[in-house]
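A structural walkthrough
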Amino acid sequence: LPIVEFSRVLGGGIVPGSLVLIGGDPGIGKSTLLLQVSALLAQNTGKVLYVSGEESAQQIKMRARRLDLLPPELYVLTETNLHSIVAHIDNMQPKVVVVDSIQTVYKDELTSAAGSVSQVRECAAALMHEAKSRGVPIFLVGHVTKAGSIAGPRVLEHIVDTVLYLEGDRFHSYRLLRSVKNRFGATSEVGVFEMKNEGLVEVTNPSAAFLEERLPNSAGSTIAVTMEGTRPILVEVQALASVTSFNYPRRTANGVDFNRLLLLAAVLSKRVGLRLSDQDVFVNVVGGLQVGEPAADLAVATAIASSFRNKPVAADLVLLGEVGLSGELRSVSQVESRLNESAKLGFKRCVLPR
């Protein structure tokens, strides 16, 4: 059930009086996830008020019917006026409130338009007061800008108790729910979901899912073990090095940091002796996952070298290690957890820092 994984990312459960902000790109599945969670909470805890400022009640009902979510204790309100929303909360006394989204809510006292800095800040502060005074958890949905930050003032993330990001590629089915701030639990926890016709479904074994279509013994393919919170996840890193047709070689990164790719290409050229000055280098993490930790450096560098030499890496090998500017391998954390996860999936060998 999505609520089990959702509660785990929150740090064990939904805390009364907490204000939780959920951000993500448009169309990534924030409303779908919260509708599923709201329906499951309504079945088990009592009244849940789902406030929508973007969709009509009929649209929400159509989605709920498609997902087979029609509990009698789930109430839908299509409203954007803050005073009206607070009045409904006072009258209904719900156990949980969802506001989708905070950018559509406005206060009459402010002359600025909904979604402006002042409106978003004041409305979030008012909802925080409502959550604390009544002991009701409130979930706010926030859109993400092109820069990757939640739209509205940065202070919004300081007002709330917990910040969750729903990440993923819209053209892939996998979604990651990541905790980046949590006053009641650990940060950097991650839940992995798959978008299906019946909504978001928990992925019980993310590593196996990300390696499902891997072609073993193919040049330019390696396996990295990344830690998402306390969860080790095996991902396939693909690289392609080909002779450039331009004056300056291209460097393209999908799923890894672009500056990190430039660093690794420079180390391979200077320290290892690979002539990449006339090679276009493309790196991709399969499945739409974003890998940010340096422990994947060795896998990325080896994938580039494998493609450049056109020699495959052993199919039963995983690679761990941060690559320094001198070409040395530096240690990574939680090695035992990474190796245990690798062994469960049938990998026999590992290259890691001494």
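Residues numbered from 1 in each chain as written. Predicted model: local features only at pLDDT ≥ 70, side-chain atom pairs only at ≥ 80, totals over all residues. Heavy atoms only, no water.

Within the fold, Thr 204 resides in the loop between strand 9 (199-202) and helix 7 (206-210). As for Thr 204 and Phe 193, which are separated by 11 residues in sequence, their C-alpha atoms are 8.6 Å apart. (Helix = DSSP H or I, 4+ residues; strand = E, 2+ residues; numbered from the N terminus.)

Because an α-helix packs 3.6 residues into every turn, residues spaced three or four apart end up facing the same way. Taking 1.5 Å per residue as the helical rise, helix 2 (residues 30-44) with its 15 residues ought to reach 21 Å, and the 21 Å between its terminal C-alpha atoms agrees with that figure. Of all 15 residues in helix 2, 13 are buried; the element is thus mostly enclosed. Just downstream of helix 2, Gly 46 is the residue with a positive phi angle, here 125°. (Expected span 1.5 Å × (residues − 1). Buried < 20%, exposed > 50% of the residue type's maximum accessible area, 1.4 Å probe, protein only.)

It is worth spelling out the packing of helix 8 (residues 258-272) against helix 9 (residues 297-309) at this point. Direction vectors running N to C along helix 8 and helix 9 enclose 60°, while the axes themselves pass 10 Å from each other. It follows that helix 8 is oblique to helix 9 by the angle criterion. Classified by chirality, the crossing of helix 9 by helix 8 is right-handed. On helix 9, the residues that touch Arg 260, Leu 261, Leu 264 and Leu 268 of helix 8 are Asp 297, Val 300, Ala 301 and Ile 304. (Axes fitted to C-alpha atoms, helices over the stretch in contact; angles between N-to-C directions. Parallel < 35°, antiparallel > 145°, perpendicular 65-115°, else oblique. Left-handed = near helix turned anticlockwise from the far one by under 90°. Contact = heavy atoms within 4.5 Å.)

What follows concerns the sheet that holds strand 6 (residues 162-167). A sheet is described by the order of its strands in space; here 9 strands give the open sequence 3-2-4-5-1-6-7-8-9, paired in mixed fashion. Both outer strands of the open sheet, strand 3 (74-78) and strand 9, are each paired with one neighbouring strand and no more. Averaged over all pairs of adjacent strands, the angle between their axes in this sheet comes to 25°, without regard to strand direction. With 3 bridges joining them, strand 4 (residues 96-100) and strand 5 (residues 138-143) adopt parallel strand pairing. Opposite Val 99, over in strand 5, you have Leu 140 as the bridge partner. Along the sheet, helix 1 (residues 2-10) contacts strand 1 (19-24), strand 5, strand 6, strand 7 (174-182), strand 8 (190-196) and strand 9; its crossing angle with strand 8, the most-contacted strand, is approximately 155°. (Pairing = 2+ DSSP bridges.)

Let's shift gears to the packing of helix 1 against helix 2. Remark: helix 1 packs on helix 2, axes separated minimally by 9 Å, with the N-to-C direction vectors making an angle of 100°. Between helix 1 and helix 2, the angle is such that the two are roughly perpendicular. Together, Pro 2, Ile 3 and Phe 6 of helix 1 and Leu 33, Leu 34, Gln 36, Val 37, Leu 40 and Leu 41 of helix 2 make up the contact between the two elements. Classifying every residue of the contact of helix 1 with helix 2 gives 8 nonpolar, 1 polar and no charged. (Nonpolar A, V, L, I, M, F, W, Y, C, P; charged D, E, K, R; others polar.)

Residues Asp 100 and Ser 101 are joined by a peptide bond in cis, for which omega reads 5°. Relative to the helices and strands, Ser 101 is located in the loop between strand 4 and helix 5 (117-134).

The values reported here are purely geometric and, on their own, carry no functional implication.
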